[in-house]
Structure formats: structure tokens, C-alpha cells
Amino acid sequence: MADHNHSQFQHPYFVLTGIPGLEQKYYWMAFPLGAIYAIALFGNGIIISTIKSESSLHIPMYYFLCMLAFADMGLTLCTLPSMVGIFWFNYKFITFDGCLIQMYFIHTFSAIESGVLVAMAIDRVIAIWSPLRYGTILTNGVVCKIGILILSRAVCVVFPVPFLIKRLPFYHSNILSHSFCLHQDVMRLACASTRVNSLYGLIAVIFTKGSDSLSILFSYVFILRTVMAIASGEGRLKALNTCVSHICAVLIFYVPLIGVSVIHRFGKHLSPLTHALMANAYLLVPPVLNPIVYTVKTKEIRKKIIQIFVRTKVTVEG
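Residue positions are given per chain, counting from 1 as you read along its sequence in written order. In keeping with the model being predicted, local features are shown solely for residues with a pLDDT of at least 70 and side-chain atom pairs are shown and tallied solely at 80 or more, while totals for entire chains, interfaces and linings include all residues. Water and hydrogen atoms were dropped before computing side-chain values, which therefore reflect all heavy atoms in the structure.

K.L.:
Whenever I open this one, the packing of aromatic side chains confuses me. Can you help?
P.N.:
In this description, an aromatic ring pair is defined by two values, namely the gap between the centres and the angle between the planes. Aromatic pairing here means that ring centres of Phe, Tyr or Trp (its six-membered ring) are within 6.5 Å. Orientation follows from the plane angle: under 30 degrees is stacked, over 60 is edge-to-face, and everything else is tilted. On inspection of all chains with the given rule, the structure shows ten aromatic pairs. Seen in terms of ring centroids, Y104 and F105 are 5.4 Å apart; in terms of plane orientation they differ by 80°. Their pairing is edge-to-face. Among the residues examined, F105 registers a relative accessible area of 38% and is labelled partly exposed. For the ring pair F253 and Y254, a centre distance of 5.0 Å and an interplane angle of 90° mean the geometry is edge-to-face. Any residue under 20% of the maximum accessible area for its type is buried, any over 50% is exposed, and the rest in between are partly exposed; the area is computed with a 1.4 Å probe on protein chains only. Since its relative accessible area comes to 1%, F253 is described here as buried. Y254 gets classed as buried once you look at its relative accessible area, which sits at 8%. Pairwise contacts between aromatic rings join Y13, Y91 and F93 into one cluster.

K.L.:
Whenever I open this one, the UniProt feature "transmembrane region" (unreviewed entry) in the chain confuses me. Can you help?
P.N.:
UniProt positions are given in the numbering used here, feature names are shortened, and annotations may be inferred rather than shown by experiment. If you check UniProt for "transmembrane region" (unreviewed entry), the listed places come out as residues 26-49, 61-89, 101-122, 142-165, 243-264 and 276-296 in our numbering. Only runs of H or I of at least four residues qualify as helices and only runs of E of at least two qualify as strands under DSSP, and these elements are numbered from the N terminus. Helix makes up 100% of residues 101-122 and strand 0%, with an end-to-end C-alpha separation of 32 Å. Segment residues 243-264 splits into 95% helix and 0% strand. End C-alpha atoms: 32 Å apart.

K.L.:
How should I be thinking about the environment of S130 in this particular structure?
P.N.:
The residue S130 is located in the loop between α4 (96-129) and α5 (134-137) in this model. Judged by relative accessible area, S130 falls into the buried class, the value being 11%. With 94 residues separating them in the primary sequence, S130 and L224 have C-alpha atoms 14 Å apart.

K.L.:
In this structure, what is going on with the state of the cysteines? I would like to understand it.
P.N.:
A pair of sulfur atoms, both from cysteines and within 2.5 Å, is called a disulfide here. Applying the stated criterion across every chain, the model contains one disulfide. Each disulfide pairs two cysteine sulfurs, and for C99 the partner residue is C181, the sulfurs being separated by 2.0 Å. Because the sign of the S-S torsion sets the handedness, a value of about -125° for the bond joining C99 and C181 places this disulfide among the left-handed ones. Taken together, the positions of C99 in helix α4 and C181 in the loop between α7 (160-166) and α8 (183-187) put the pair 82 residues apart, joining distant regions of the chain. Cysteine C66 remains unbridged, with the sulfur of C144 as its closest cysteine sulfur at 12 Å.

K.L.:
So what exactly am I meant to see when it comes to the nonpolar core here?
P.N.:
Soluble globular proteins: nonpolar side chains tend toward being buried together. Membership of the largest hydrophobic core comes to 73 residues, with the highest contact counts inside it found for F14, L65, L117, I165, F170 and V186. Counting residues per element, this core draws most heavily on α4, at 15 residues. As used here, the term nonpolar core means buried Ala, Val, Leu, Ile, Met, Phe, Trp, Tyr and Cys residues forming a set that is joined through side-chain atoms within 4.5 Å.

K.L.:
Please explain the packing of helix α6 (residues 140-158) against helix α9 (residues 195-228) as it appears in this structure.
P.N.:
The description of two helices packed together rests on the angle between their axes and the distance between the axes. Angular values range over 0 to 180 degrees, each being the angle between N-to-C directions of two axes fitted as lines to C-alpha atoms, with helices fitted over their stretch in contact. Taken N-terminus to C-terminus, the directions of α6 and α9 make an angle of 160°; their axes are 10 Å apart at the nearest point. What the angle tells us is that α6 and α9 run roughly antiparallel. Handedness of the α6/α9 crossing: left-handed. Along its contact with α6, which presents R153, C156 and V157, the element α9 presents Y200, A204, F207, T208, S211 and D212. Working rule for angles: under 35 degrees goes down as roughly parallel, over 145 as roughly antiparallel, 65 to 115 as roughly perpendicular, anything else as oblique. Crossings are assigned a handedness: left-handed for a near helix turned anticlockwise from the far helix by less than a right angle, right-handed for a clockwise turn. Any two residues having at least one pair of non-hydrogen atoms within 4.5 Å are treated as being in contact.

K.L.:
So what exactly am I meant to see when it comes to the layout of surface pockets here?
P.N.:
Once rolled over the atoms, a probe with the size of a water molecule shows which space is left empty. Each cavity reported here is a set of points on a 1 Å grid over the protein atoms alone in which a 1.4 Å probe fits but cannot get out, each pocket an open set with protein on both sides within 12 Å along at least five of seven lines, and each lining residue one with an atom within 4 Å of a point. Grid points are joined across faces, edges and corners, and a volume is the space filled by probe spheres set on the points. Roughly 1,200 Å³ of volume is contained in the largest pocket. Lining of the largest pocket is provided by 42 residues; of these, Q184, V205, S261, H264 and R265 occupy positions nearest its centre. Contributions of two or more residues to the lining of the largest pocket are made by α4, α6, α8, α9, α11 (244-266) and α12 (272-297). Top contributing element to the lining of the largest pocket by residue count: α11, with 13 residues. The nonpolar class holds Ala, Val, Leu, Ile, Met, Phe, Trp, Tyr, Cys and Pro. Asp, Glu, Lys and Arg form the charged class, and all remaining residues, Gly among them, are polar. By residue class, the composition of the lining of the largest pocket is 22 nonpolar, 15 polar and five charged. The volume enclosed by the second largest pocket comes to roughly 220 Å³. In terms of lining residues, the second largest pocket is bounded by 14 residues, among which I19, L33, I36, N280 and L284 are the most central.

Next up, the structure:
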């Protein structure tokens, strides 16, 4: 009866937290935040449009890069409304259902990005291990099936999470620790046992991020063994150079992910500011840095950006 009475007063919304201690400086933070989102959307948009328009980039390696850019854009757009609401308009409220929707898409796009990084690792394995058969192994049909598999896995694994949260009562605190909704953060506010949520969350993480990180690790062990078998030092260096961008993308994604996971699990004594900064890095760093890394390493993308700036300059001067 008590639970039933409490459920009548369940919070209709959550209160999002920006960056604790810096509330008076949100006005100034709005400008760098806007720049971060502009770089993320512009950079990933350029990658997608360049790969679409340049026929020389119509190969599996760049198809997977295009998928990575889509995942990064998805992550960016998921957090954009709540971040802009907090830092530009000081609006910190999000409805209960809106929070669940945002949570679902954040975790789904994160799982997609993790899966794409595995696909890119496999792509590098095949390119280095059997370069002559690369085109016959990774055909367009195979790449398409891999993309569908990555998407389907992410959608299905994350799908139960909002429903598991929705069944829980929330009638004490409704203040979240971040500027967006994450499963762990929402779950800790529940006024009932979250054992099922915790267990499913652990299974989901092991099935996605856990298995993906191990797959990437084993892929690079195989790559190193293959490269070491190459006779010439120049050949070994050339082979490893093709993996630099992907290694950077893996580190950019997994280092903040591991950091925020460790802090949520073991860093309860740390300041709220540390929690907020790590969570923001987890979702904002990969969409911003991935386009920069691949722009530096891909001549065609650099040319596309230069062309856009030249057209813009001509238009302004005209």
C-alpha cells in the first residue's frame, strides 16, 4: 500500500545538472560548447559527404568510417537539446519519458560506435593479412550485412533498458548528476531494488563494449604478428601506418568510456565536478576528435574542407 501511495507522487520530470560550481559562468561556456557541437556536426558531415561524392573512397575502409561518422553525429544530436537548454537558456528540466528516450538513443549510438570500431579492426586485419583478397572478402554486400548486424545488435540490446527503468518508482530525489540521461545515473535515484537493472546493464555492457574491446585487442595481436613477419622494415612501417587512425579512434572512444565507468563504480567519494567532466568527455570527445584524426590522415577529406572554405571566402568577398 505504501508503494502504491508513493507511486502517485512519482516525479514527472528530472532535473539535469550542468557542471557543478560553474553555474555563474554558463553564459561564457555557451560559446565553446557551441563551437564543440559545430565542429562535431560539421566534421562528421564533411566525412559523410566526401565519402559519398568521391568514388575513390568507395571501399570498405571508408564505408566503415562513414558508419562511424553517423554514430558520432547520432551521439552529438542526442545530447544537443539538453546541453543547449542548460548552458544557453538555464533550462534544466527533462520529462521522465524524454529522459528515457534520450537514454535509449545515447546508449544505442554508443553501442553502434563500439561495433563499428570492431568492424574497422577486422577491416585492417584483412587488409594487412591478405591484401590481394581484400576486395573479394569485404564486398559491398558483406559490408552492408556487417552494418545491419551492428545496428540490430545495438537496437536490440538497449531496447529493454528504458522499460526496466520505467517500472521503478522515483519519489525521492529527481536530480541527475549530468547534463543528459545515462542509465547508471537514472537508476541510482530509484526507490526500489535495482538488481535486475544492474544485472541486465552488466550483461549488455559485456555483450557490447566488453566483447568489442576484446575483439579489437585480439585483432591487433594478430596484426602485430602479421606485420612482424614482413621482411622489410619499410613494409612493416607502411602496414602499421594504415592502423594509426583506427588506433586513435579506439583510444578516443574507450579511454573516456572506461574512465566514466570506473568513476561511477568506484569514485563515489570524488567531487561532482569530476563526474560531470568525465561524462561530458565520454560523449563529446569522440564526435569532435574522430573527424579531426581522419581529416589529418585522409587527403580527400582535407581537399573537401579546403574547397568549402574557398567557396565560403569567395561568397563573402563577392
